[in-house]
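The lines below spell out each chain.
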Amino acid sequence: MNREVTLPLIVDDRGTLQVAAADVSKLLRTLGGRWLHLVEAGEGGLDEDTVAALTIELAKLADRIDVACIAHSSGGASG
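Residues numbered from 1 in each chain as written. Predicted model: local features only at pLDDT ≥ 70, side-chain atom pairs only at ≥ 80, totals over all residues. Heavy atoms only, no water.

The name that an unreviewed UniProt entry assigns to the protein is DUF6213 family protein, with the source organism given as Streptomyces kaempferi.

Participant: Residue-level account of the overall build of the protein, with values.
Facilitator: Along its length, the protein carries two helices and zero strands. Taken across its 79 residues, the protein has 15% of its residues classed as buried. For the protein, the computed accessible surface area is about 6,100 Å², with 57% contributed by carbon and sulfur atoms. (Helix = DSSP H or I, 4+ residues; strand = E, 2+ residues; numbered from the N terminus. Buried < 20%, exposed > 50% of the residue type's maximum accessible area, 1.4 Å probe, protein only. Areas by Shrake-Rupley, 256 points an atom, 1.4 Å probe, with all protein chains shown as cover.)

Participant: Which residues make up the nonpolar core, and what values do they have?
Facilitator: For soluble globular proteins, the rule of thumb is that nonpolar side chains tend to be buried together. By size, the foremost hydrophobic cluster in this structure holds seven residues: Ala21, Leu28, Leu58, Leu61, Ala62, Ile65 and Cys69. At the level of elements, α1 (21-40) and α2 (48-73) are the ones that each hand at least two residues to this core. Looking at which element gives the most residues to this core, the answer is α2, with five residues. What Ala21 contacts, discounting residues up to four positions off in sequence, is Ile65, Asp66 and Cys69. (Core = buried A, V, L, I, M, F, W, Y, C linked by side-chain atoms within 4.5 Å. Contact = heavy atoms within 4.5 Å.)

Participant: Account for the packing of α1 against α2, naming residues and giving values.
Facilitator: At a minimum axis distance of 9 Å, the contact between α1 and α2 shows a crossing angle of 170°. Judged by the inter-axis angle, α1 sits roughly antiparallel to α2. Along the lines of polarity and charge, the residues of the contact of α1 with α2 split into 16 nonpolar, four polar and four charged. (Axes fitted to C-alpha atoms, helices over the stretch in contact; angles between N-to-C directions. Parallel < 35°, antiparallel > 145°, perpendicular 65-115°, else oblique. Nonpolar A, V, L, I, M, F, W, Y, C, P; charged D, E, K, R; others polar.)

Participant: Before we move on, could you go through a negative patch on the surface and cite the residues and values that matter?
Facilitator: Taken together, the side chains of Glu40, Asp47, Glu48 and Asp49 make up a negatively charged region of the molecular surface. For Asp49, the position within the fold is in helix α2. (Patch = residues over 30% accessible without salt bridge, like charges linked within 9 Å, V, L, I, M, F, W, Y side chains within 5 Å. Salt bridge = Lys/Arg side-chain N within 4 Å of Asp/Glu carboxyl O. Lys, Arg positive; Asp, Glu negative; His and termini not counted. Charge placed at Lys NZ, Arg CZ, Asp CG, Glu CD.)

Participant: Would you mind going over the environment of Gly33 in detail, with residue names and values included?
Facilitator: In this fold, Gly33 is placed in helix α1. Here Gly33 falls in the partly exposed class, since its relative accessible area comes to 23%. Separated by 26 residues in the primary sequence, Gly33 and Ala59 place their C-alpha atoms 9.7 Å from one another.

Take a look at the structure:
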């Protein structure tokens, strides 16, 4: 199953982002990294292929957030 996730930017009435994109991106990448460490350590009975796939998807999502926020900050996003 391959579904696209749409992420609305949370902005106030002046167009200011309300959540730091860097924090969200870092959280997503850190979560994936921690899952990978658990798999490498043999903990939690996690399936390596599933964790790898989820980690890749989290990284892609983080990249999309970064791109959307960069576009917003540079005036490239309409809304």
